[in-house]
Amino acid sequence: MSSCDDRAVSSPEHPPHAPAHSHAHGHAPAAPVSRHLRKVIAAVLIPFAAAVVVGLVVLWPGGAPAHKPSGVGFDQPLEKARVVKVDEVNCADVHAEQQQQPASPGGQPSGTGGGRGTKCEQATIKVTTGDNTGRTFQTVVTPDALRHYTAGQDVVVAYSPKAPKDLQYAVSDVDRTVPMWVLAGVFAFAVVLVGRLRGVLALVALVASFGVLTLFILPAVLKGSDPLVVAVIGGSAIMLIALYLCHGLTARTSVAVLGTLASLLLIGLLGSVFIDWALLTGNTDDLTGLVHSLYPGIEIHGLLLAGIIIGSLGVLDDVTVTQTAAVWELKEADPTAGWRKLYGAAMRIGRDHIASVVNTLVMAYAGAALPLLLLFSIAQSGIGTAATSEVVAEEIVRTLVGSIGLVASVPLTTLLAALVVSADRTAPGGPGPTDTPAPPVEAVVAGGGRSGRRGARGKRRKR
């Protein structure tokens, strides 16, 4: 989500000689645009927003579909539990002697294993939630295990009602509630401390975005709606809420919305073409396979494209808001600049932004797929073999399609912002001598019509 500061959300007009603020991420109150131009922008965005609302109403799932857990993998009831005590026992006495590491190249076991004489830990776990609250069971931890337990530690257990009574509960994870909430609190404090009012608005927008994701997108996909349509509608709702709530209901924000929307359409088109061309199914891991087996009606192919669109949305918001703000600030710094000069100056900012954002996106995907890349390195697979395998090709398509959309968003948004800001306000001394007058903004925003150029209040040419 794009960053915000604590300045007013409204758009009071700048004094004629107000000092300029040239930082690309600055969100100083933008000078107001003319009523005619506001009508042109509204004529485009209001129908779009209305279509998003209608889509939300029509596809609203009303909650996730009812489902009886199968007890397989992640599809198990989870309860909270606590480690009561941990005893040291002989691994052979608890039948853990078969737990050994794979043999080393020399033929000898590479780890301590659980042979006779080796000490293991036997943890007694007490279930603290659910119908069987108070029941205890035991689990054995071998010396080579990555996770060990301590008395008083909270854990998460999976419940398998069809298993024998002694095997119905098993530790599936540790309880991380406290550290995660503390980290979330530190994050919120940092955002509010630096961003102040805009930081608060950014957090509200973040909560709203998660609300759309958990209350609409995920349940709608589970109920069988087209994942691509759901992602477009849900992503558009997130975009409108986040941008307008964080940056204010202004023409500058509206231009950023239009730039983001155009880039999302490009990402959706390219993603659809290359997913089909590369014959990607989207079913590349156990989790996807489990989802498909539990809900056969879900279109996994469409789910892949929906993930690309939603994953690109947050970075797109940042790029389009930055470029729009840069154009507005450049115009305030040089009121005589025409749309060509504004576009050129803002694009110099945008090129630096492109370099950093694309690298960030690629590294983010590479970091997420690092274990997979390690496996290919261990197998000594060639780069070509690894890159064309479906599991890696899926990430490559996701990364490159999203990056193309990010790159395209810079010139698209910059051009639209330069045309809007130039068509709306006339410099005190008239258009610059070397600048070409901006074409009618309706031709860009609304597809034609008469020019909506009006001079800014107090900046008409003296006769």
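Because the structure is a prediction, the values reported are computed rather than measured.

A. Geometry of the overall build of the protein chain. If you tally the helices and strands in the protein chain, you get 11 helices and 5 strands. Looking at the 463 residues of the protein chain, the share that counts as buried comes to 41%. Within the protein chain, residue pairs in contact and separated by at least 24 positions form 72% of the contacts whose partners lie at least 6 positions apart.

B. Layout of the pattern of salt bridges. Summed over the entire model, instances satisfying the criterion amount to 7 salt bridges. The partner of Arg 82 in a salt bridge is Asp 154, with the nearest N and O atoms 2.7 Å apart. Linking Arg 82 in strand S1 (residues 78-90) with Asp 154 in strand S4 (residues 154-159), this pair joins segments that are 72 residues apart in sequence. With a shortest N-O distance of 2.9 Å, Asp 173 and Arg 176 are connected by a salt bridge. If you follow the salt bridges from partner to partner, you end up with Arg 147, Asp 173 and Arg 176 in one network.

C. The arrangement of the UniProt feature "transmembrane region" (unreviewed entry) in the protein chain in detail. Per the UniProt record, "transmembrane region" (unreviewed entry) is annotated on residues 40-60, 178-194, 201-222, 228-246, 258-280, 300-316, 357-379 and 399-421. The span residues 40-60 shows a helical share of 95% and a strand share of 0%, and its end C-alpha atoms are spaced 31 Å apart. Structurally, residues 178-194 comprises 100% helix and 0% strand, and the distance from its first C-alpha atom to its last is 24 Å.

D. Spatial organisation of the side chain of Ser 263. As for its placement among the helices and strands, Ser 263 is situated in helix H4 (residues 251-277). On the basis of relative accessibility, which here comes to 0%, the residue Ser 263 falls in the buried class. Here the side chain of Ser 263 touches Gly 259 through a polar contact of 2.9 Å, landing on its backbone oxygen. If we ignore the near neighbours within four places in the chain, the residues touching Ser 263 are Leu 316, Gly 405, Ala 408, Ser 409 and Leu 412.

E. Here's a closer look at the sheet that holds S4. As summarised here, the arrangement of the 5 strands in space is S3-S2-S1-S4-S5, forming an open sheet in which the pairing is antiparallel. Since the sheet does not close on itself, it has two edges, and those belong to strand S3 (136-141) and strand S5 (169-174), each with one partner. Going across the sheet, the axis of each strand differs from the next one's by a mean of 45°, ignoring polarity. Here strand S2 (residues 119-127) pairs with S3 via 6 bridges, running antiparallel. Paired with Ile 125 across the bridge in S3 is Phe 137.

F. The arrangement of the environment of Val 358 in detail. Note that Val 358 resides in helix H7 (residues 339-368). For Val 358, the residues in contact, after removing those within four places along its chain, are Ser 403 and Val 407.

G. Local environment of the state of the cysteines. Counting across every chain of the model gives 1 disulfide. Disulfide partner of Cys 91: Cys 120, at an S-S distance of 1.8 Å. Here Cys 91 and Cys 120 share a disulfide; its torsion about the S-S bond, 105°, makes the bridge right-handed. With Cys 91 in the loop between S1 and S2 and Cys 120 in strand S2, the pair connects residues that are 29 residues apart, well separated along the chain. Pair check on accessibility: Cys 91 and Cys 120 agree, each one buried.

H. Quick peek at the confidence of the model for the protein chain. Per-residue confidence for the protein chain averages 75 on the pLDDT scale, and 72% of its residues sit at or above 70. Element-level pLDDT for the protein chain is lowest in helix H11 (residues 441-445), with a mean of 45, against a maximum mean of 91 in helix H2 (residues 177-222). The low-confidence segment residues 99-114 (pLDDT under 50) makes 25 contacts with residues lying over four places distant or belonging to another chain. The model gives residues 425-438 a pLDDT under 50, and that stretch makes 37 contacts with residues more than four places away or in other chains.

I. Looking closely at the pairing of S1. The pairing of S1 with S4 spans 5 bridges and is antiparallel. Bridging from a neighbouring strand, Glu 79 pairs with Val 157 of S4. Inspection of the sheet shows S1 paired to S2 by 9 bridges, in the antiparallel sense. For Arg 82, the partnering residue across the bridge sits in S2 and is Lys 126.

J. Summary view of the packing of aromatic side chains. Summed over the entire model, instances satisfying the criterion amount to 4 aromatic pairs. Ring geometry for Phe 137 and Tyr 169: centres 6.0 Å apart, planes at 15°, overall stacked. One end of the pair, Phe 137, is in strand S3; the other, Tyr 169, is in strand S5, with 32 residues separating them in the sequence. Note on accessibility: Phe 137 and Tyr 169 belong to one class, buried. An angle of 35° between the planes, with centres 5.8 Å apart, marks the rings of Phe 274 and Trp 277 as tilted. Here Phe 274 pairs with Trp 277, and both are found in helix H4, just 3 residues apart, close to one helical turn.

K. Structural view of unusual backbone geometry. Unlike most non-glycine residues, Arg 196 shows phi in positive territory, near 55°. Its location among the elements puts Arg 196 in helix H2. Unusually for a residue other than glycine, Leu 279 sits at a positive phi of about 55°. Note that Leu 279 resides in the loop between H4 and helix H5 (286-294).

Procedures and definitions
- Residues numbered from 1 in each chain as written.
- Predicted model: local features only at pLDDT ≥ 70, side-chain atom pairs only at ≥ 80, totals over all residues.
- Heavy atoms only, no water.
- Helix = DSSP H or I, 4+ residues; strand = E, 2+ residues; numbered from the N terminus.
- Buried < 20%, exposed > 50% of the residue type's maximum accessible area, 1.4 Å probe, protein only.
- Contact = heavy atoms within 4.5 Å.
- Salt bridge = Lys/Arg side-chain N within 4 Å of Asp/Glu carboxyl O.
- UniProt positions renumbered as here; feature names shortened; annotations may be inferred.
- Polar contact = N/O pair within 3.5 Å; in protein donor to acceptor, adjacent residues only side chain to side chain.
- Pairing = 2+ DSSP bridges.
- Axes fitted to C-alpha atoms, helices over the stretch in contact; angles between N-to-C directions.
- Disulfide = S-S within 2.5 Å.
- pLDDT = per-residue confidence, 0-100.
- Phe/Tyr/Trp six-rings, centres within 6.5 Å; stacked < 30°, edge-to-face > 60°.

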